[in-house]
Amino acid sequence: MEYEVANAALGGVHSWGTPALDREAGRWILLAQFDSDGDAKMTWGDTGALYWLIRPEHLATHRFDQARLTMQC
């Protein structure tokens with residue numbers, strides 16, 4: 001998830017394994033995860049999950065507007 005968010009933050013132009021993408025991915029941490037739950041009638045894609053990530057400095061200053069969402073399904 002960190003790499004997906006990092007690539008988007010860098011404009012979506014970096015390939016997997018590039019140093020710039022590796023550095024940016026290391027700057028993101030998981031804030032929240034929401035898994036699919038059939039009993040609650042919440043299904044993301046094909047029983048996937050939603051992931052909210054944020055940079056630690058933004059979390060420390062409560063800058064939740066800087067959090068990013070990615071979905072894996």
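What counts and how
- Residues numbered from 1 in each chain as written.
- Predicted model: local features only at pLDDT ≥ 70, side-chain atom pairs only at ≥ 80, totals over all residues.
- Heavy atoms only, no water.
- Phe/Tyr/Trp six-rings, centres within 6.5 Å; stacked < 30°, edge-to-face > 60°.
- Helix = DSSP H or I, 4+ residues; strand = E, 2+ residues; numbered from the N terminus.
- Buried < 20%, exposed > 50% of the residue type's maximum accessible area, 1.4 Å probe, protein only.
- Contact = heavy atoms within 4.5 Å.
- Polar contact = N/O pair within 3.5 Å; in protein donor to acceptor, adjacent residues only side chain to side chain.

Summed over all chains, the structure comprises one aromatic pair. Ring centres of Y3 and W16 lie 5.2 Å apart, and the angle between their planes is 35°; on these two criteria the pair is classed as tilted. Note that Y3 is positioned in helix α1 (residues 2-9) and W16 in the loop between α1 and α2 (19-25), a separation of 13 residues in sequence. Overall, the relative accessible area of 29% leaves Y3 in the partly exposed class.

This paragraph deals with the environment of R68. Within the secondary structure layout, R68 lies in strand β3 (residues 68-72). On the accessibility criterion, R68 (37% relative accessible area) is partly exposed. Along the chain, R68 and T18 lie 50 residues apart, while their C-alpha atoms are 21 Å from each other. Discounting residues that sit within four places of it in the chain, R68 has contacts with V5, W28, Y51, W52 and L53. Polar side-chain contacts of R68 include one of 3.4 Å to the backbone oxygen of D65. A polar atom in the side chain of R68 sits 3.3 Å from the backbone oxygen of Q66.

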